[in-house]
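# Secondary and tertiary structure notes
In case you want the letters, here they are:
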Amino acid sequence: MSRASLHCRAMKSIVILISGRGSNMEAIQQRCAAEGWPARVAAVISNRANAGGLQFAAAHGIATAVVDHQAFGTREAFDDALAAAIDRFAPDLLVLAGFMRILGERFVRRYEGRMLNIHPSLLPAFPGLHTHQRALDAGCKLVGATVHFVTPQLDHGPIVMQSVVPVRDGDDADALAARVLATEHQIYPRAVRWFVEDKLRIERGVVRQRDGASQLLLP
Ligand code: GAR
């Protein structure tokens, strides 16, 4: 086997799912290209045809697809169509980056151990929507974001990395969201890189980074 084909075999295929802006997808794509990861973003797939991130992906030569959830009568039918679209790209890793659909258990099991999500809270606090407002309402002094392996329970699963953002006097949900998002763009590429470099292992539900790199981004 030639060196070139060996190299190709080692390249991991990443498929990214988005529903909107796609700034985390952009951050991952840019770091993957700039740092020469042993991986490529093979496709970006959205459940919304008007997701802004699709344009970025197409402009960077990445295959795009839309699987519109509104076209399906049941969650299972949508999940099956989505899985078919994903599997065309034989992903080693599926990355949920602002993908705002709940995925059924069968779908999650299909990609278990090779599907990551980012959520804008310090999980297990505040799964679901409106995380920043809920954190403000609870009087939290620290907020943040979490990259985790996806399990059938919404916004749960072994934690790969977290970022921490202090709450300032006068913060509203938008101000917090912006500061947390800036940290998402740091921790998600790092976590994805660890995955494609086989640097992650899960021990009794806890994710360890094989080199002992910090899994916490402090302010
Ligand atoms: C991000 O803040 C991400 O954490 C959040 O949606 C935003 C997507 O932004 N995800 C969730 O709330 C998932 N539960 P982006 O499209 O610019 O990456």
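Residues numbered from 1 in each chain as written. Predicted model: local features only at pLDDT ≥ 70, side-chain atom pairs only at ≥ 80, totals over all residues. Heavy atoms only, no water.

Attention shifts here to the nonpolar core. Judged by nonpolar contacts, the single largest core of 41 residues is most densely connected at Ile 16, Val 44, Val 95, Val 160, Tyr 188 and Val 192. The element best represented in this core is helix H7 (residues 173–196), accounting for nine residues. Ignoring any residue separated from it by four or fewer positions in sequence, one finds Ile 16 in contact with Met 25, Ile 28, Val 41, Ala 43, Val 44, Ile 45, Val 95 and Ala 97. (Core = buried A, V, L, I, M, F, W, Y, C linked by side-chain atoms within 4.5 Å. Buried < 20%, exposed > 50% of the residue type's maximum accessible area, 1.4 Å probe, protein only. Helix = DSSP H or I, 4+ residues; strand = E, 2+ residues; numbered from the N terminus. Contact = heavy atoms within 4.5 Å.)

Below, the discussion takes up the sheet that holds strand S3 (residues 63–66). Overall, mixed pairing links the eight strands, which are arranged S3-S2-S1-S4-S5-S6-S7-S10 in an open sheet. Both edges of this open sheet fall to S3 and strand S10 (216–217), since each of them pairs with a single strand only. Examined bridge by bridge, strand S5 (residues 115–119) and strand S6 (residues 142–149) share four bridges and lie antiparallel to one another. Within S6, the position partnered with Ile 118 by the bridge is Val 147. (Pairing = 2+ DSSP bridges.)

Take unusual backbone geometry next. Leu 123 connects to Pro 124 through a cis peptide bond whose omega is 10°. Tracing the chain through its elements places Pro 124 in the loop between S5 and helix H6 (131–137). Backbone geometry places Phe 126, a non-glycine residue, at a positive phi of 55°. Relative to the assigned elements, Phe 126 resides in the loop between S5 and H6. Positive phi, normally seen in glycine, also occurs at Asp 198, with a value near 60°. Turning to its location among the elements, Asp 198 is positioned in the loop between H7 and strand S8 (200–203). Residue classification places Asp 198 among the partly exposed positions, given a relative accessible area of 48%.

Turning to the packing of aromatic side chains, a few remarks are in order. Tallied over the full model, the rule gives three aromatic pairs. Taking 6.2 Å as the distance between ring centres and 55° as the angle between the ring planes, the aromatic pair formed by Phe 149 and Phe 195 counts as tilted. Of this pair, Phe 149 sits in strand S6 while Phe 195 sits in helix H7, and the two are 46 residues apart along the sequence. The burial state of Phe 149 is the same as that of Phe 195; both residues are buried. (Phe/Tyr/Trp six-rings, centres within 6.5 Å; stacked < 30°, edge-to-face > 60°.)

This brings us to the site of the ligand. Taken together, the neighbourhood of the ligand is formed by Arg 21, Gly 22, Ser 23, Asn 24, Gly 98, Met 100, Ile 118, His 119, Pro 120, Asp 155, Leu 181 and Glu 184. At 2.5 Å from an oxygen atom of the ligand is found a side-chain nitrogen or oxygen belonging to Arg 21. Within the backbone of Gly 22, an N or O atom sits 2.8 Å from an oxygen atom of the ligand. Coverage of the ligand by the protein chains reaches 87% of its 450 Å² of free accessible surface. Put simply, the parts of the chain that give the shell around the ligand at least two residues each are helix H2 (23–35), S5 and H7. (Near = heavy atom within 4 Å. Polar contact = N/O pair within 3.5 Å; in protein donor to acceptor, adjacent residues only side chain to side chain. Areas by Shrake-Rupley, 256 points an atom, 1.4 Å probe, with all protein chains shown as cover.)

Where H2 meets H7, the closest approach of the two axes is 9 Å, and the angle between their N-to-C directions is 50°. One way to sum up the angle between H2 and H7 is to call them oblique. For the crossing formed where H2 meets H7, the hand is right-handed. Residues Ser 23, Asn 24, Ala 27, Ile 28, Arg 31 and Glu 35 of H2 pack against Leu 181, Glu 184, His 185, Gln 186, Tyr 188, Pro 189, Arg 190, Val 192 and Arg 193 of H7. Here the residues of the contact of H2 with H7 are counted per class, giving six nonpolar, four polar and five charged. (Axes fitted to C-alpha atoms, helices over the stretch in contact; angles between N-to-C directions. Parallel < 35°, antiparallel > 145°, perpendicular 65-115°, else oblique. Left-handed = near helix turned anticlockwise from the far one by under 90°. Nonpolar A, V, L, I, M, F, W, Y, C, P; charged D, E, K, R; others polar.)

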